Amino acid sequence: MNGKLRIPALLAVLALLLLPLAGTAAADGPSVRLSKSQAGTGGSVTVSGSGWRSQALLMMLVCGRSVPSRGVIGGTNSCANADGRAVTTDARGAFSEKLPVTEPPVPCPCVVHVATVEGAKAQADAVLQVAGHAVEPLPAVASGGRLSVLTDTRLDGAGGLLTWFGAPASRTLVFTVGNAGTTPVKNPVFQVGTSHGVFAPQWDDQQWRGTIEPGRKAQMKLPVELTAGAHGDYTVSLKYGGKVLAEQPWGVGRPWGVTLFWILVCLVVPAAVFRTGMAVVDRVRPRRAGGIRHRGLRLPELALRLPKFTTRAEQAPASPTTLPWFTPDSDPGTAGRLSAPHDDSPTSPTTPTRKGPT
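Residues numbered from 1 in each chain as written. Predicted model: local features only at pLDDT ≥ 70, side-chain atom pairs only at ≥ 80, totals over all residues. Heavy atoms only, no water.

1. Brief notes about the pairing of strand S10 (residues 123-131)
As a reminder, the rule being used: Strand pairing requires that DSSP identify at least two bridges connecting the strands. The helix and strand labels rest on DSSP assignments: H or I over at least four residues marks a helix, E over at least two residues marks a strand, and numbering proceeds from the N terminus.
Here strand S2 (residues 38-40) pairs with S10 via 3 bridges, running parallel. By the bridge assignment, Ala-39 is partnered in S10 with Val-130. Taken together, the 6 bridges between strand S9 (residues 110-116) and S10 define a ladder with antiparallel strand orientation. Paired with Ala-115 across the bridge in S10 is Gln-123. Here S9 folds back onto S10, and the loop between the two strands holds 6 residues, one of which, Gly-119, carries a positive phi near 75°.

2. Considering the state of the cysteines
What counts is decided by this rule: Only a pair of cysteine sulfur atoms within 2.5 Å qualifies as a disulfide here. Relative accessibility thresholds used throughout: buried, under 20% of the residue-type maximum; exposed, over 50%; partly exposed, between the two (1.4 Å probe, protein chains only).
According to the stated counting rule, one finds 2 disulfides in the structure shown. Disulfide pairing places Cys-63 opposite Cys-79 at an S-S distance of 1.9 Å. Between Cys-63 and Cys-79 the disulfide shows an S-S torsion of about 95°. By sign, it is right-handed. With a gap of 16 residues between them, Cys-63 in strand S4 (residues 57-63) and Cys-79 in the loop between strand S6 (71-72) and strand S7 (85-88) connect regions that are remote in the sequence. Grouping residues by exposure puts Cys-63 and Cys-79 together as buried. Each sulfur in the disulfide pair Cys-108 and Cys-110 lies 1.8 Å from the other. Because the sign of the S-S torsion sets the handedness, a value of about -90° for the bond joining Cys-108 and Cys-110 places this disulfide among the left-handed ones.

3. Digging into the sheet that holds S4
To keep it simple, the criterion reads: Angles shown run from 0 to 180 degrees and are taken between the N-to-C directions of axes, each axis being a line fitted to C-alpha atoms and, for helices, limited to the stretch in contact.
If you walk across this open sheet you meet the 5 strands as S2-S10-S9-S4-S7, and the pairing is mixed. Looking at strand neighbours, the two that pair on one side only are S2 and S7, the edges of this open sheet. Strand-to-strand twist in this sheet, taken as the mean axis angle between neighbours without regard to direction, amounts to 35°. Bridging between S4 and S7 involves 4 bridges; their strand directions are antiparallel. Along S7, the bridge assignment pairs Leu-57 with Thr-88.

4. Thoughts on the pattern of salt bridges
So the rule is basically this: Salt bridges are defined by distance alone: a side-chain nitrogen of Lys or Arg within 4 Å of a carboxyl oxygen of Asp or Glu.
All told, the structure shown has 2 salt bridges when counted by the stated rule. Lys-121 is the salt-bridge partner of Glu-247, the closest N and O atoms lying 3.8 Å from each other. Taken together, the positions of Glu-247 in strand S20 (residues 243-252) and Lys-121 in the loop between S9 and S10 put the pair 126 residues apart, joining distant regions of the chain. Notably, a salt bridge pairs Asp-156 with Arg-154, separated by 3.1 Å at the nearest N-O pair.

5. Details of unusual backbone geometry
Of note, the amide linkage connecting Cys-108 to Pro-109 takes the cis form, showing an omega dihedral of 20°. Mapping Pro-109 onto the fold places it in the loop between strand S8 (95-100) and S9. Positive phi, normally seen in glycine, also occurs at Gln-55, with a value near 55°. Among the secondary structure elements, Gln-55 is positioned in the loop between strand S3 (44-50) and S4. According to the relative accessible area criterion, Gln-55 is exposed, its value standing at 56%. Phi is positive for Arg-65, close to 50°, though the residue is something other than glycine.

6. What about the environment of Gln-248?
Quick reminder of the rule: Residue contacts are defined here by distance: any two heavy atoms, one from each residue, within 4.5 Å place the two residues in contact. By the criterion applied in these results, polar contacts are pairs of N or O atoms within 3.5 Å in which, for protein atoms, one can donate a hydrogen and the other can accept it, and in which residues neighboring in sequence qualify only through two side-chain atoms.
One can find Gln-248 in strand S20. Looking at Gln-248, the relative accessible area reads 18%, which means it is buried. Sequence separation between Gln-248 and Thr-153 is 95 residues; the distance between their C-alpha atoms is 6.5 Å. Ignoring sequence-local partners within four residues, the contact set of Gln-248 consists of Thr-153, Arg-154, Leu-155, Tyr-234, Thr-235 and Val-236. At 3.1 Å, the side chain of Gln-248 forms a polar contact with the side chain of Thr-153.

7. A look at the side chain of His-133
With respect to the element layout, His-133 can be found in the loop between S10 and strand S11 (147-149). For His-133, a relative accessible area of 14% translates into the label buried. A polar atom in the side chain of His-133 sits 2.8 Å from the backbone oxygen of Val-106. If near-sequence neighbours (up to four positions away) are discounted, His-133 is found in contact with Glu-103, Pro-104, Val-106, Pro-107, Cys-108 and Cys-110.

As structure tokens, this is what we get:
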């Protein structure tokens, strides 16, 4: 009996010992480690990570005005984007890559920010001191107020004729937030970012005018605009307090009006050049004998001149036919004979008549 009770007791003790370890492993999630915590501009640090998705594409950046507890304040606008590095995790979700150290565009405190590029969003930060770079305190955080998105986000609006010809596409991001804190939130500042493909979002600060009391909710309408001629699949992200609250896909059609414009240009410009060239050739071509210039493009003018010659030929009087042996007085005219005169009588008056014997 004691042996039967001993085995379940041992199993229970092992479960209690392994449960905290399993919870700690699950709670850790993606993590980032640096080979050294301080480096100067021009140097490099080795960034190692674990707990990420397998074969995930990550982007590593040196960012200022950031701490791991608050994230990157200002988004990627606070990072040295030109000197970032991309890395792909292995089958176990780990990686190790060197990252050059560059001064970010804003003062420190600084971190090495690692975030996924595609798929489910995940990020992690590690503290890095950039030697020689300015250090300023972080902006104060309003305590007590905490906003959360209560409804799904949506994009209101549609494109027009100008958008079809390449004008910037614009929409309105609509969502509802609630104050789950204990103090009012006055004039909250949201960050709206748009990303295309594997590129990181470009964040833009949008301030909502008003006060949200504790336990109350409010509908937000924030404008979103792309650059001129932008088309394809975009993602609109909403961030508040350094955390991404929501994401909304946005499919932007191609501006076919621009394509139609260039097709017309390719047809009209060569035709105009051809007509101009023909006009110049017609001007410099020398005249031919008789003063008549044959113009390839002036056929109507030649057609108008031809009837004049025909009219003169018809109006000219028909001259009578005069033979050389007729004088004007004895001209028989067109009704007379056309042969020489001769006597058609059987006997001529000048010919003597011989009479026979009677």
